[in-house]
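# Structural overview
Each chain, written out:
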Amino acid sequence: MSDRSSLDAFAHATLAELDAKALRRRLVATTRGAEAAAHRDTRALVSFSCNDYLGLANDPRVIAAAHDALDRYGAGAGASRLVTGNHPVLVALEERLAAHKGTEAALVFGSGYLANLGIVPALAGAQDLILVDALGHSCLFSGARVSGATMLRFRHNDVDHLRAILSARRAKHGRALILTERVFSMDGDRAPLSEILAVAAEFEAWTLVDDAHGLGVVEAGARAPLEMGTLSKTLGSYGGYLCASQGVIDLMTNRARSFVYTTGLPPASAAAALRALEIVQAEPERAARPLMLARRFTARLGLPEAQSPIVPILIGEADAALALSATLEERGFLVVAIRPPTVPAGTARLRVAFSAAHSEAQVEALAEALAALTASTLRG
Ligand SMILES: *Cc1c(COP(=O)(O)O)cnc(C)c1O
């Protein structure tokens, strides 16, 4: 076999396995607009699958800020931030992020995924221990793997399990790092952060909280010494960040490889995120709306009360989740099915994400459609 044909044979065999388990993924061209609108092919849908929780990606003020930066500063940063890519708008964004989180400093990365790929290996190495919540995001695990540290999972939100692992293993390692999320991306529940921080203090471990789904929508409660997140969800733009002490930020500027060796964020993306963050701070009633809508929805369907704008509807098997998602799409709702390996096997689900851009009527219509569909599934 030529290299080319063995390569294609490998690709096709792997894809066939995924197909057989209803786990193959495909890209669908989608455009988004104001009021949670999404278009796929010629179909107009109301999206419940975007992480743009405050509708800021299509806010005219955010768009204008990006336009202005684009016109004035051009399309790209031109180099790594340590060379010539450190545009003043990035500095202004970092100052505002740090003030928002109450930390000394902040550092903007190319994306949230890149942030964790850089932050974690800059803090831990081969002699060290990293404990990750079992339902943590892929980039937390990737960062831990790249670091070369011993990586162990603790049961989701199980502080006793975390403490048990630390008491058994802590003494064998130099530094210890705990990785968790403020709001879990696929389950919508929140970490018991004060308890985790107390255990961390007991065992001299550092805690990193991934706040990708909390910033601007669910922010109450304890803060960790390492708060990272993304500019691509509530802030409606693109990029990632870390908020921490000045010393930690200076360390990252020198040691986070995914910061040092990559091009700076385009100024227009930073300007959009900066304007969005100003809106988050100025309009608390907007920030409260997604959770209010999520709670209305869970009450209406008799589900456990929403803890965030993310509500999972557990289905189980991947093919059943896909079928339910397809039926909803026929009725005008975009609610994408989430399948393994994004979630554990047997927990395929619909992940419903609420936004300030949704109307109450849209939420009610989805609840009604789901109530009817799940009732007929049960009868069938
Ligand atoms: C989306 C997400 C990320 C990655 O952020 P990007 O900016 O999209 O790369 C990291 N962590 C969590 C929990 C996320 O949901």
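Just so it is clear, the model here is predicted, and its values are computed rather than measured. Per chain, residue numbering runs from 1 following the sequence as it is written. Only residues with pLDDT of at least 70 are given local features in this predicted model, and only at 80 or more are side-chain atom pairs given and counted; all residues enter the totals for whole chains, interfaces and linings. As a rule here, side-chain values cover all heavy atoms of the structure and leave hydrogens and water aside.

On to unusual backbone geometry, then. That bond from P340 to P341 is cis: its omega, 5 degrees, falls within 30 degrees of zero. Mapping P341 onto the fold places it in the loop between β13 (337-338) and β14 (348-353). Of note, D41 is a non-glycine position whose phi angle comes to about 50 degrees, a positive value. On the secondary structure map, D41 appears in the loop between β2 (37-40) and β3 (43-47). Secondary structure elements follow DSSP: runs of H or I of four or more residues count as helices, runs of E of two or more count as strands, with numbering from the N terminus.

Bringing the environment of V120 into the picture now. Looking at the secondary structure, you find V120 in helix α4 (residues 112-123). Counting along the chain gives 20 residues from V120 to L140, while the straight-line C-alpha distance between them is 7.9 Å.

On to the pairing of β3, then. In this scheme, strands are said to pair when DSSP sees at least two bridges between them. As paired elements, β2 and β3 share four bridges and run antiparallel to each other. Note that in β3 the partner of A37 across the bridge is V46. The hairpin turn running from β2 into β3, its antiparallel successor, is two residues long, and D41 in that turn takes a positive phi close to 50 degrees. In this sheet, strand β12 (residues 333-334) lies alongside β3 in parallel orientation, the contact comprising two bridges. Paired with V46 across the strands is F333, a residue of β12.

Our next topic: α4. For a helix, the expected span equals 1.5 Å multiplied by the number of residues minus one. With twelve residues, α4 should cover 16 Å at 1.5 Å per step; its first-to-last C-alpha distance of 17 Å lies within 8% of that length. Listed as buried for α4 are G112, A115, N116, G118, I119, V120, A122 and L123. Each residue is assigned to one of three classes by its accessible area relative to the maximum for its type, calculated with a 1.4 Å probe on protein chains only: buried under 20%, partly exposed between the two thresholds, exposed over 50%.

Further remarks concern the site of the ligand. Neighbouring residues of the ligand: 14 residues in total, closest G112, D210, H213, T230 and K233. Note that an oxygen atom of the ligand is positioned 2.9 Å from one of the backbone N or O atoms of Y113. Nitrogen and oxygen atoms within 3.5 Å of one another constitute a polar contact, given that in protein one can donate a hydrogen and the other can accept it, and given that sequence-neighbouring residues count only through two side-chain atoms. D210 places a polar side-chain atom, nitrogen or oxygen, 2.5 Å from a nitrogen atom of the ligand. The protein chains hide 87% of the 380 Å² of surface that the ligand would expose on its own. Across the shell around the ligand, the residue classes tally to three nonpolar, eight polar and three charged. By convention in these notes, a residue is near a molecule or strand provided one of its non-hydrogen atoms lies within 4 Å of it. Note that accessible areas follow from Shrake-Rupley with a 1.4 Å probe, and for residues the cover is restricted to the protein chains shown. Note on residue classes: Ala, Val, Leu, Ile, Met, Phe, Trp, Tyr, Cys and Pro are nonpolar, Asp, Glu, Lys and Arg are charged, and everything else, Gly too, is polar.

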